[in-house]
Amino acid sequence: MADMNVYDAAIIGGSYAGLSAALALGRSLRKVVVIDDGQPCNRQTPRSHNLILHDGDHPADMLQKALQQVLAYETVSFINARAEDATFRNGLFRIRAGQDVLLEAKKIILATGLRDQMPSIPGFEACWGISVLHCPYCHGYEVKGKKIGVMANGNMAIEMTKLIRNWSRDLVLFTNGPSALDKADGEKLASLGIPVIEAAISSISHNDGRLNELVMADGSRFAADALFARPAFTQQTGLARQLGCEFTDTGLIKVNEEQKTSCEGVFAAGDNASLYRAVSVAIASGTKAAAFLNKDMIDQEWMCAEPGVNTAC
């Protein structure tokens, strides 16, 4: 193991939430390390949208510029590795990253993101973030008025179809198996001219991630320019569970308004703790986490500076 380093804060995850937190803490004169292995969930997305000042920019270019700006602060460092373990002992968090990095920090910000669980449909993963899409606010404008599929079932199918209809009226709902729609919902979709296809999707035909057709298990084919879907997700790492953090019913790390988890000294920011998966939201939550982390440290330092207070604090 490398020599032990003690930081004010270790930020695990170096995408938008993590780098936003690092920027705020660097400007607060805190000794910070960012640990990241370079696998953001939007790595296939060609353009980022709905982010003021960066609408249409390439996500990788944005991250590279953000990292350069963050590392301009002398108290911020970066480790290109995956954080494997995090434990708390003797008043400090001990983090192991990669094969030869061991460090300690007074506090942690988990900005580890989520991992989308791709359905076993050939072509789905290759199109993810390009023409198989999650968020219409991020990508709906680029496919406005085009032929769009929605892959969902039950109540989620109605909510998604209703949402996507704002961007295009040329919709087809794919339930990817027997429909769980109730009679009233089925009649509503029929009245709006939205077909409901119950056959399972066997594959997605595409060119370099650009969708051409949905190929169904019964042999039928449906041309489409985009498909909106919301696959299940899991946490990107097991660190929050290892540290003992509580989770919401939906599998997100539970945080309060200050981005604090249920574990003292552990904050979470970005997709791992929010239902709103947007770059702007991730950036804002990273800034919040850093500000409240810094406030906690300031309060502790202020208390320890009072006359008569035990210097061991």
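These numbers come from a predicted model, not from an experiment. (Residues numbered from 1 in each chain as written. Predicted model: local features only at pLDDT ≥ 70, side-chain atom pairs only at ≥ 80, totals over all residues. Heavy atoms only, no water.)

Glancing now at the environment of Val70. Note on placement: Val70 falls in helix α2 (residues 59-71). We classify Val70 as buried; its relative accessible area is 3%. Separated by 29 residues in the primary sequence, Val70 and Gln99 place their C-alpha atoms 25 Å from one another. If near-sequence neighbours (up to four positions away) are discounted, Val70 is found in contact with Leu19, Ala22, Leu23 and Val76. (Helix = DSSP H or I, 4+ residues; strand = E, 2+ residues; numbered from the N terminus. Buried < 20%, exposed > 50% of the residue type's maximum accessible area, 1.4 Å probe, protein only. Contact = heavy atoms within 4.5 Å.)

Examined against the element boundaries, Glu159 turns out to sit in helix α5 (residues 154-164). Separated by 115 residues in sequence, Glu159 and Ser274 place their C-alpha atoms 19 Å apart.

With a phi angle near 80°, Leu53 is a residue other than glycine that sits in the positive phi range. Along the chain, Leu53 falls in the loop between β2 (32-36) and α2. Residue classification places Leu53 among the exposed residues on the basis of a relative accessible area of 78%. A positive phi angle, near 65°, is found at Gln259, a position not held by glycine. Secondary-structure assignment places Gln259 in the loop between α7 (239-243) and β17 (266-268). The exposure class assigned to Gln259 is buried, which follows from its relative accessible area of 8%.

Turning our attention to a nonpolar patch on the surface. Judged by side-chain polarity, Leu275, Tyr276 and Val281 come together as a nonpolar surface patch covering roughly 340 Å² of accessible area. In this fold, Val281 is placed in helix α8 (residues 279-304). (Patch = residues over 30% accessible without salt bridge, like charges linked within 9 Å, V, L, I, M, F, W, Y side chains within 5 Å. Areas by Shrake-Rupley, 256 points an atom, 1.4 Å probe, with all protein chains shown as cover. Salt bridge = Lys/Arg side-chain N within 4 Å of Asp/Glu carboxyl O.)

Turning next to the pattern of salt bridges. Inspection of the entire model under this criterion finds 15 salt bridges. Between Asp170 and Lys147 there is a salt bridge whose closest N-O contact spans 3.3 Å. Here Asp170, found in the loop between α5 and β10 (171-174), pairs with Lys147, found in the loop between α4 (136-139) and β9 (148-151); they are 23 residues apart in sequence, far enough to count as distant. Relative accessible area serves as the criterion here: at 34%, Asp170 is assigned to the partly exposed category. Members of the salt-bridge network, linked through shared partners, are Asp116, Asp271 and Arg277.

This part takes up α5. Within an α-helix, residues lying three or four positions from one another point in the same direction, as the helix has 3.6 residues per turn. Burial in α5 covers these residues: Gly154, Ala157, Ile158, Met160, Thr161 and Ile164. Each element contacted by the buried residues of α5 is listed here: α4, β9, β10, α6 (183-191) and β15 (226-229).

Under the definition given, this model contains four aromatic pairs. Aromatic side chains Phe124 and Trp128 sit 5.8 Å apart centroid to centroid with 20° between the ring planes, which places their arrangement in the stacked category. Across the pair, exposure class does not vary: Phe124 and Trp128 are buried alike. Ring centres of Tyr137 and Trp167 lie 5.4 Å apart, and the angle between their planes is 90°; on these two criteria the pair is classed as edge-to-face. Residue Tyr137 is found in helix α4, and its partner Trp167 is found in the loop between α5 and β10; the two are separated by 30 residues along the sequence. Above the ring of Tyr141, the side-chain terminus of Lys144 is found at 4.1 Å from the ring centroid. (Phe/Tyr/Trp six-rings, centres within 6.5 Å; stacked < 30°, edge-to-face > 60°. Lys NZ or Arg CZ within 6 Å of the ring centre and 35° of its normal.)

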